[in-house]
Amino acid sequence: MSKCNKLGIGLAGFGTVGSGVWNTLEKNGALISERTGKGVSLAITKILVRDPKKSRSTTSAVPSEILTTHWKDLVNDPAVDIVVELIGGTTDAFEIVAAALLAKKPVVTGNKALLAERGVELFAISRKMETPIFFEAAIAGGIPIVKTVQDSFIGNQIHSFTGIINGTSNYILEQMTLRGIDYPTALQEAQSLGYAEADPALDVNGWDAAHKAILLATLAYGFPIDPANIHVSGIEQVRPTDIRFAKSLGYVIKLLAVIRERDGGAVELRVQPSFISHKHILASVNGVFNAVSVNSDAAGESLFYGRGAGQGPTASSVIADLVEAARDLAHTSHHRGFLPYRESGTLVPIEETSTAYYVRFDVTDRPGVVAEIATVIAKHKIGISGTHSPVDASNPDAEFVDMVFLLHSCPFGKLTNALAEIETLNCINSTPVVFRIENLG
Ligand code: NAP
Ligand code: HSE
C-alpha cells in the first residue's frame, strides 16, 4: 500500500458496472470507510476505457485526466493499489489481470468468462504471487454467493446447487410468458436495462450461466473444470408454443444450472432450459432475479435470491470485494481470495445424466407420423408419457407442424441415440428441440 490506508483503485472498464462502482463509491464512500475500519478509504485514481470522449452516466463529473485508453497506464500507475477488471472478454482482460497480479496488485473482477475459460492460468499466477483475485460479482450479480460458499459454508460438504443464474435469459422468458412479447424484443429490453453481456449470445446460448456454474462448482469441489467437458444449451430455441404447453401441464420453463455431487465424488454439471413445476420456489424467480438453492450436509437446504444483473446490484458485489482487498492490504484482516485446492476431479458424462424430457419435433403433417416417431422411441426402450400437437390457430392447415413428446426419465445418451435415428425419418424437418423436465422435489 502506497499511502496511509488510502487506497487507489484502477478501474478497467467504465460501462454499466464500472460506472455503477463509481456512483456507489461517490454515494456511500464515507460509510464504507467507517465500516472498513482504521480509516481505510477507497478512491478511483485511474479509469481504462476504449473511448474517452463517450458521455458517461455518472452522478458526478469524472476528471478527464484520470481516463486512459492504455491498460498499462492503469496497472503500472504507482497510485493504483487494487485493479478492478470490468471490461469483459478473455483477451485484454487476461493481460490486465495477469499484469496486475504480477505487480502484486490484488484484482477484483466480475468477469466469469475470463475465470471459467482462463482461470487455471490466472489462479496459478495468483498463487505464485500470493496476490488474491476476488470475484463476487462474477456469479449471480448482487447475491453474495461466492463468500457464502467459500466462507460461510466452509464446514459443509455441498451436495448440490440448483440455480437460475442468468438474469437476461430469465428476464426474456418472463417477458415472453407474461407479456407475450417476442424473443428479439425481450432481448433488446434486457440489453437496454444493462443486464446483457456485450455479446448477448453468451446470455441466450447458456454459456454465461455455464461460466458461473463452472465457478460455483470449482468453489464447492475445489478443482478447475474445462468448459469443453460440460453440456450447455440456452433459451434461443424456446418458442411461445413451448411456454404455453409447459403452462398447460403445470410447468414453467427456466434456464437451470444443475450442479450435483454423485456418490464417489464425480460432479454432474449442466445448463439447460428446463420444465419445472409451477409450484416449486424457483418457478417464482422472475425477471432479472436469480436464485441459487444450495443443499449441503450440515446446513441442509438454503436459498439465495436477489438481482442477478444490472448496475447497482453488480456494483454492490464489486465493492464488497474491494473492501476485502483493501482490508487485506491495510492488514485489518487477511483474505487469500479463492484458489482451487485440488488439481483435478471427475465430471459425470452428460450421457449418464437422467431426467424426463420434453421433445419438440418439426414434422410434416401426415397420417402415421406419431406412430413412426413412437416406434423408434419404443425401440430404444424409452417410455412415453404423452404426445401433443399444438394447433397453430393462425394456420390450421399447415403442412409442417410441431409434434411434442413427453418422455419418461432416461439417461441423456439413450435419448440422443433415439433422436439421431428419428432425425433420419422422412417426416422430420429439422433437429428436434429437447428441454429437460426436472423433478426438483
Ligand atoms: P459494458 O457496459 O460493455 O462496459 C465495458 C467497459 O469496458 C466500457 O467502459 C468499455 O469502454 C470498456 N472496454 C471494453 N473493452 C475494452 C478494451 N479492450 N480496452 C479498454 N476498455 C475496454 O460491460 P458491463 O456490463 O459493465 O460488464 C463488465 C464486466 O462485468 C463483464 O465481464 C460482465 O460479464 C461483468 N458483469 C456484468 C454484469 C451486468 O449486469 N452488466 C453483471 C455481472 C458481471 P467504452 O465505455 O469506452 O466503450
Ligand atoms: N449478462 C449477465 C446476466 C450479467 O444477464 O446474468 C450478470 O452476470
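Check the entry above for the structure.
Keep in mind that what you see is a predicted model, and the values were worked out from it rather than measured.

K.L.:
How do you make sense of the sheet that holds strand S6 (residues 133-134) when you look at a structure like this?
P.N.:
The strands that make up a sheet pair up through hydrogen bonds in the backbone, lying either parallel or antiparallel. One open sheet accounts for 6 strands, arranged S3-S2-S1-S4-S5-S6; its pairing is parallel. Every other strand in the sheet has two partners, leaving strand S3 (67-68) and S6 as the edge strands with one partner each. Pairing geometry for strand S1 (residues 6-12) and strand S2 (residues 41-48), over 7 bridges, is parallel. The partner of Leu7 across the bridge, within S2, is Leu42. Against the sheet, helix H3 (residues 92-102) engages S1, S2, strand S4 (82-85), strand S5 (107-109) and S6, with an angle of about 165 degrees to S4. Sheet strands in contact with helix H11 (residues 311-329) are S1, S2, S4, S5 and S6, and its direction is about 160 degrees off that of S4.

K.L.:
What's the story with the pattern of salt bridges in this structure? I'm lost.
P.N.:
Two side chains of opposite charge can pair, provided their charged atoms sit close to one another. For the structure on display, the rule yields 16 salt bridges. For Lys147, the salt bridge identified is with Asp321, shortest N-O distance 2.6 Å. Note that Lys147 is positioned in helix H5 (residues 145-152) and Asp321 in helix H11, a separation of 174 residues in sequence. Judged by its relative accessible area of 21%, Lys147 falls in the partly exposed class. Since its relative accessible area comes to 2%, Asp321 is described here as buried.

K.L.:
What is the right way to read the packing of H3 against helix H4 (residues 112-129) from this model?
P.N.:
Two quantities define a packed helix pair, namely the angle between the axes and the distance from one axis to the other. Taken N-terminus to C-terminus, the directions of H3 and H4 make an angle of 15 degrees; their axes are 9 Å apart at the nearest point. By the angle between their directions, the pair H3 and H4 is classed as roughly parallel. Crossing handedness for the pair H3 and H4: right-handed. In this structure, H3 contributes Ala93, Phe94, Val97, Ala98, Leu101 and Leu102 to the contact, and H4 contributes Leu114, Arg118, Glu121, Leu122, Ile125, Ser126 and Met129. Among the residues making up the contact of H3 with H4, the classes are represented as 10 nonpolar, 1 polar and 2 charged.

Criteria and cut-off values
- Residues numbered from 1 in each chain as written.
- Chains lettered and ligands numbered in written order.
- Predicted model: local features only at pLDDT ≥ 70, side-chain atom pairs only at ≥ 80, totals over all residues.
- Heavy atoms only, no water.
- Pairing = 2+ DSSP bridges.
- Helix = DSSP H or I, 4+ residues; strand = E, 2+ residues; numbered from the N terminus.
- Contact = heavy atoms within 4.5 Å.
- Axes fitted to C-alpha atoms, helices over the stretch in contact; angles between N-to-C directions.
- Salt bridge = Lys/Arg side-chain N within 4 Å of Asp/Glu carboxyl O.
- Buried < 20%, exposed > 50% of the residue type's maximum accessible area, 1.4 Å probe, protein only.
- Parallel < 35°, antiparallel > 145°, perpendicular 65-115°, else oblique.
- Left-handed = near helix turned anticlockwise from the far one by under 90°.
- Nonpolar A, V, L, I, M, F, W, Y, C, P; charged D, E, K, R; others polar.

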